[in-house]
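Here's the letter readout for the chains.
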Protein chains: 4
Amino acid sequence: MMANLPKGDKREKILQAAAEVFGIAGFHEARIEEIAERAGIGKGTIYLYFKDKQELYLAMLQYQLASMVERLRLRLEASGTAVERLTGFLVEFFVLVRHYRGLPASQVRPPHACEERCRGLLLAARQTIHQMLTQVFRTAEEETIPEDLEPGFAATVLLGMAQGLAMDYLLGGNDFDPLSAAQKLVHLLCRKRDAGG
Amino acid sequence: MMANLPKGDKREKILQAAAEVFGIAGFHEARIEEIAERAGIGKGTIYLYFKDKQELYLAMLQYQLASMVERLRLRLEASGTAVERLTGFLVEFFVLVRHYRGLPASQVRPPHACEERCRGLLLAARQTIHQMLTQVFRTAEEETIPEDLEPGFAATVLLGMAQGLAMDYLLGGNDFDPLSAAQKLVHLLCRKRDAGG
Amino acid sequence: MMANLPKGDKREKILQAAAEVFGIAGFHEARIEEIAERAGIGKGTIYLYFKDKQELYLAMLQYQLASMVERLRLRLEASGTAVERLTGFLVEFFVLVRHYRGLPASQVRPPHACEERCRGLLLAARQTIHQMLTQVFRTAEEETIPEDLEPGFAATVLLGMAQGLAMDYLLGGNDFDPLSAAQKLVHLLCRKRDAGG
Amino acid sequence: MMANLPKGDKREKILQAAAEVFGIAGFHEARIEEIAERAGIGKGTIYLYFKDKQELYLAMLQYQLASMVERLRLRLEASGTAVERLTGFLVEFFVLVRHYRGLPASQVRPPHACEERCRGLLLAARQTIHQMLTQVFRTAEEETIPEDLEPGFAATVLLGMAQGLAMDYLLGGNDFDPLSAAQKLVHLLCRKRDAGG
DNA sequence: AATGAATGAGATTTCATTCAT
DNA sequence: GATGAATGAAATCTCATTCAT
């Protein structure tokens, strides 16, 4: 009785709860028991799915990064001009940062023992996003960006600026409007440096 | 005789050791005993100078931030054109980030119990730097930056991009050349956007 | 299976062990680990039942006082003359003091931080006993005590003398025979002061 | 310059300070540094006069007990009837207890490592007092106490009752008037039990 | 499979005591 | 002699992990 969830669902529930708790509290201040409670299961059950706290953390990180990359991909592959898609991308990026407030932060200082593996996951996600951005710049309408701005560097700068603003937000706690911030950044980078005059 | 350091020096020695250990290990993985060892003193001595681990952390943060702000100020108040000084500022910024590798990271996820106080210190440092940058943009030679780029926003963007690159570095571990990165960023922001053609 | 004790029993086991160790060593010299060992459990388990050392101490005190009051009540509510019941009470009192040798002592200098709460528990126990004694004196056969000895004061004096002897014992270590001491005290207080007859 | 006190005086100053601090805080909660501060000297100086905390405690105990015994002796050897002198003794006793509130308490639970030596000091003081009391009872005017009350037992009872009341006071914190308490106790013990006369 | 009571390693912090000045 | 900065042993308490049910 009590039709149990299929196994995959319980794992995901744990990962969701882990994302919340690790996000709020960071790796060390996060309590396994709190994660279990949020997932609506017993403490011991977590150890049926994950070897230890660290593996749970890594699995959660991978899971969240994949989900984020997917949401960002949707924005970049939407229809519209390059400027529109880049703006949509940035808005989504900022929304994600604000939503998973603690998650990016928790990545900055991963548990020492798995620093390398964390870095690997983050790097992979970043490269995927970077490639998607580069592709957008490469195929953008001619007039969108200055001719001397190489697509790869443009992607680096856009991502860098976005991360910079996000970091600002995370550190300083000064809130900001995702849409207007996105527009300003895109404007700064994409507008042809012109004006002829 | 009188070989002993004057009192202020021992406090600073502890703060230096604390910066190293907190930087490498983060607040929670840092062990008080390790800090004492690096400072070449006994565990208990730290408690003569700081009430507890958290106060030591905050004092260390304040101390390091003040030192960083001072080094950045020197670059911005040096002689030279605005472009030269901004480039110098960014180079110094990147060097600091690479040197104090862990310190900025440790700020991202401070111990929950003193999150507010950490934020306060960081915000203050950031505002000081932002003001210095704004002043540079405001007094820059006319042709340095686009007319429609407000000095305050220019400062925000420059700082944001710098932080973005630094975060990239911290997260991804992909090393980069401070000078060339600085030049690219300044070029991107400062060059008049005309090209004339 | 089901060999485990029901939950209440483990708590009591801890309280028993705590009474022994606190009794022997006093609050500050008592080590949590020693209590755990005596209770046959792990150190951490104690913290599942009691918030910290102080709360354990207070719980132990309450537990022991309740048990003592109960044993004294049985003696005062037994059948027999007032003199017999008072003697029984004193004998029990002295036996308790000798058995829980350290317990009363540990109450005299409770940890400063919970002095008030300790005092409250002790006062409550003492008042209960005082009331029971007063009741005995009030309903005693007319010829038992001098007419000018008010029941409440008689109770105070009896209890005071008993505590005085006990303190003597605790301080000086001079052993004594509970029964003979009890008889002497009761004799002193209860015999009608007439002689005249 | 700065004519130093003769050595004996500094030792006594420390003992006075120790009595205060041990009295207030008990052996374990008393801090050596606090004692030094009250004595107006440096922490290290205490160790020139006493081997360690325990020896200081024992010396303080001896010093205070001697002083108390002396004050009590003066009352018992004063002029006046036995009843007057006993009353004076009890008043002094209660005043001492209230003044050195913590001292007797601190004796009840001495540091485990010197329990025996503490007990020895206490026992000696008590015996001296007991002998003085016995002598008073022995030489008292015939009509003062019942014939069947042996002087030694009378002394034991008087001292016991006094200690009982004091304990009550120490434990319960219920204040009382020394004079009236003294009179009641003496009255209870000394009045000839005839009434008849 | 799921649980949560039990565990104990390990961290912070205090404070009696030492000793260089 | 006098000092107090420095020390480190020892105590409490937390929490990831285990395992009997």
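In this text the structure is predicted, and so the values were computed from the model without any measurement.

Moving on to the overall build of chain A. Regarding its fold elements, chain A presents nine helices and zero strands. The order of helices and strands in chain A, counted from the N terminus, is α-α-α-α-α-α-α-α-α. Per-residue burial for chain A yields a buried fraction of 54% across its 197 residues. Of the contacts made within chain A by residues no fewer than 6 positions apart, 73% connect residues no fewer than 24 positions apart. In the form shown here, chain A has an accessible surface area of approximately 9,400 Å², with 53% of it arising from carbon and sulfur atoms.

With that settled, the discussion passes to the environment of Met68(B). Locating Met68(B) in the fold gives a position in helix H4 (residues 53-76). For the pair formed by Met68(B) and Cys114(B), sequence separation is 46 residues and the distance between their alpha carbons is 21 Å.

What follows is about the state of the cysteines. Within this structure, the stated rule accounts for zero disulfides over all chains. As a non-bridged cysteine, Cys118(C) has Cys114(C) as the owner of its nearest cysteine sulfur, 3.9 Å distant.

Quick look at the nonpolar core now. Grouped together as the largest cluster of nonpolar side chains are 141 residues, with contacts concentrated most on Leu56(A), Phe94(A), Leu56(B) and Phe94(B). Every residue in contact with Leu56(A), bar those within four places of it in the chain, is listed here: Ile14(A), Leu15(A), Ala18(A), Phe22(A), Ile32(A), Ile35(A), Ile46(A) and Phe50(A). Counting 140 residues, the second largest nonpolar core, distinct from the first, contains Ile145(C), Leu56(D), Val136(D) and Leu185(D).

Quick look at the protein's contact with DNA strand E now. Taken together, 30 residues surround DNA strand E, and among them Thr45(A), Lys10(C), Gly42(C), Thr45(C) and Arg31(D) come closest. Gly42(C) places a main-chain nitrogen or oxygen 2.6 Å from a phosphate oxygen of DNA strand E. With respect to DNA strand E, the side chain of Lys43(C) contributes an N or O atom lying 3.2 Å from a base oxygen. Of all the elements in the fold, those that place two or more residues in the surface near DNA strand E are helix H3 (43-49) of chain A, helix H3 (43-49) of chain B, helix H3 (43-49) of chain C together with helix H3 (43-49) of chain D. For the surface near DNA strand E, a count of residues per class yields twelve nonpolar, six polar and twelve charged.

A few words now on the protein's contact with DNA strand F. The environment of DNA strand F is made up of 30 residues, and the closest members are Arg31(A), Lys10(B), Gly42(B), Thr45(B) and Thr45(D). Here a base oxygen of DNA strand F and a side-chain polar atom of Lys43(A) are 3.3 Å apart. A distance of 3.5 Å separates a base nitrogen of DNA strand F from a polar side-chain atom of Lys43(B). If you list the elements that add at least two residues to the surface near DNA strand F, you get H3 of chain A, H3 of chain B, H3 of chain C together with H3 of chain D.

A word on the pattern of salt bridges. A full pass over the atoms with the stated rule returns 40 salt bridges over all chains. Across the salt bridge formed by Glu116(B) and Arg119(B), the nearest N and O atoms sit 3.9 Å from each other. Of the two residues, Glu116(B) and Arg119(B) both sit in helix H7 (residues 115-138), three residues apart, roughly one turn of that helix. Owing to a relative accessible area of 15%, Arg119(B) belongs among the buried residues under this scheme. Here the salt bridges do not stand alone but share partners, grouping Glu20(A), Glu34(A) and Arg38(A) into one network.

Quick look at the packing of aromatic side chains now. We describe a pair of aromatic rings using the distance from one ring centre to the other and the angle between the two ring planes. Counted according to the given criterion, the structure contains 20 aromatic pairs over all chains. Relative to Phe27(D), the ring of Phe22(D) has its centre 5.7 Å away and its plane inclined at 5°; by these criteria the two rings are stacked. When sorted by exposure, Phe22(D) lands in the same class as Phe27(D), which is buried. Centre to centre, the rings of Phe22(D) and Tyr57(D) are 5.1 Å apart; their planes meet at 85°, and the pair counts as edge-to-face. A residue pair is termed long-range when its members are at least 10 positions apart, and Phe22(D) in helix H1 (residues 7-29) and Tyr57(D) in helix H4 (residues 53-76) qualify at 35 residues. Using a relative accessible area of 0% as the deciding quantity, one classes Tyr57(D) as buried. One aromatic cluster is present, built from ring pairs that chain together Phe22(A), Phe27(A) and Tyr57(A). Over the ring of Phe27(A) we find Lys53(A); its NZ or CZ atom is 4.6 Å from the centre of that ring.

Moving on to the confidence of the model for chain A. Predicted confidence across chain A gives a mean pLDDT of 85, with 86% of residues reaching 70 or more. A low-confidence stretch, residues 193-197 of chain A (pLDDT under 50), is modelled with twelve contacts involving residues beyond four sequence positions or located in other chains.

Residue and element names in this part refer to chain B. On the secondary structure map, Thr-87 appears in helix H5 (residues 82-99). Spatially, the C-alpha atoms of Thr-87 and Thr-144 are 13 Å apart, while their sequence positions differ by 57 residues. Apart from residues no more than four positions distant in its own chain, Thr-87 is found in contact with Leu-179, Ala-182, Gln-183 and Val-186.

So, about the packing of H4(D) against helix H5 (residues 82-99) of chain D. Residues and elements named next belong to chain D. Here H4 crosses H5 at 155°, and the two axes come no closer than 8 Å. One finds that H4 runs roughly antiparallel with respect to H5. Note on packing geometry: the crossing formed by H4 with H5 is right-handed. Along its contact with H4, which presents Met-68, Arg-71, Leu-72, Arg-75 and Leu-76, the element H5 presents Arg-85, Leu-86, Gly-88, Phe-89, Glu-92, Phe-93 and Leu-96. Of the residues assigned to the contact of H4 with H5, the class counts are seven nonpolar, one polar and four charged.

All names here are of chain B. Together, Glu-84, Glu-141, Glu-142 and Glu-143 make up a negatively charged patch on the protein surface. Inspection of the secondary structure assignment puts Glu-142 in the loop between H7 and helix H8 (151-172). What makes Glu-142 exposed here is its relative accessible area of 72%.

To continue, consider helix H9 (residues 178-190) of chain B. The end-to-end C-alpha distance of H9(B), which contains 13 residues, comes to 18 Å, matching closely the 18 Å that a straight helix rising 1.5 Å per residue would cover. Of the residues making up H9(B), those classed as buried are Pro178(B), Ala181(B), Ala182(B), Leu185(B), Val186(B), Leu188(B), Leu189(B) and Cys190(B).

Two quantities define a packed helix pair, namely the angle between the axes and the distance from one axis to the other. Residue and element names in this part refer to chain C. Relative orientation of the contacting elements helix H5 (residues 82-99) and helix H7 (residues 115-138) amounts to 160°, with a least axis distance of 10 Å. When the axes of H5 and H7 are compared, the pair comes out roughly antiparallel. Judged by the sense of rotation from one axis to the other, the crossing of H5 with H7 is left-handed. Residues Ala-82, Arg-85, Leu-86 and Phe-89 of H5 touch H7, and the partners they reach there are Ile-129, Leu-133, Val-136 and Phe-137. Tallied by class, residues from the contact of H5 with H7 come to seven nonpolar, no polar and one charged.

Position of Ala18(B) among the secondary structure elements: in helix H1 (residues 7-29). Along the sequence, Ala18(B) and Ala30(B) sit twelve residues apart, while their C-alpha atoms lie 8.7 Å from each other.

Reading the values: rules and limits
Residues numbered from 1 in each chain as written. Chains lettered and ligands numbered in written order. Predicted model: local features only at pLDDT ≥ 70, side-chain atom pairs only at ≥ 80, totals over all residues. Heavy atoms only, no water. Helix = DSSP H or I, 4+ residues; strand = E, 2+ residues; numbered from the N terminus. Buried < 20%, exposed > 50% of the residue type's maximum accessible area, 1.4 Å probe, protein only. Contact = heavy atoms within 4.5 Å. Areas by Shrake-Rupley, 256 points an atom, 1.4 Å probe, with all protein chains shown as cover. Disulfide = S-S within 2.5 Å. Core = buried A, V, L, I, M, F, W, Y, C linked by side-chain atoms within 4.5 Å. Near = heavy atom within 4 Å. Polar contact = N/O pair within 3.5 Å; in protein donor to acceptor, adjacent residues only side chain to side chain. Nonpolar A, V, L, I, M, F, W, Y, C, P; charged D, E, K, R; others polar. Salt bridge = Lys/Arg side-chain N within 4 Å of Asp/Glu carboxyl O. Phe/Tyr/Trp six-rings, centres within 6.5 Å; stacked < 30°, edge-to-face > 60°. Lys NZ or Arg CZ within 6 Å of the ring centre and 35° of its normal. pLDDT = per-residue confidence, 0-100. Axes fitted to C-alpha atoms, helices over the stretch in contact; angles between N-to-C directions. Parallel < 35°, antiparallel > 145°, perpendicular 65-115°, else oblique. Left-handed = near helix turned anticlockwise from the far one by under 90°. Patch = residues over 30% accessible without salt bridge, like charges linked within 9 Å, V, L, I, M, F, W, Y side chains within 5 Å. Lys, Arg positive; Asp, Glu negative; His and termini not counted. Charge placed at Lys NZ, Arg CZ, Asp CG, Glu CD. Expected span 1.5 Å × (residues − 1).

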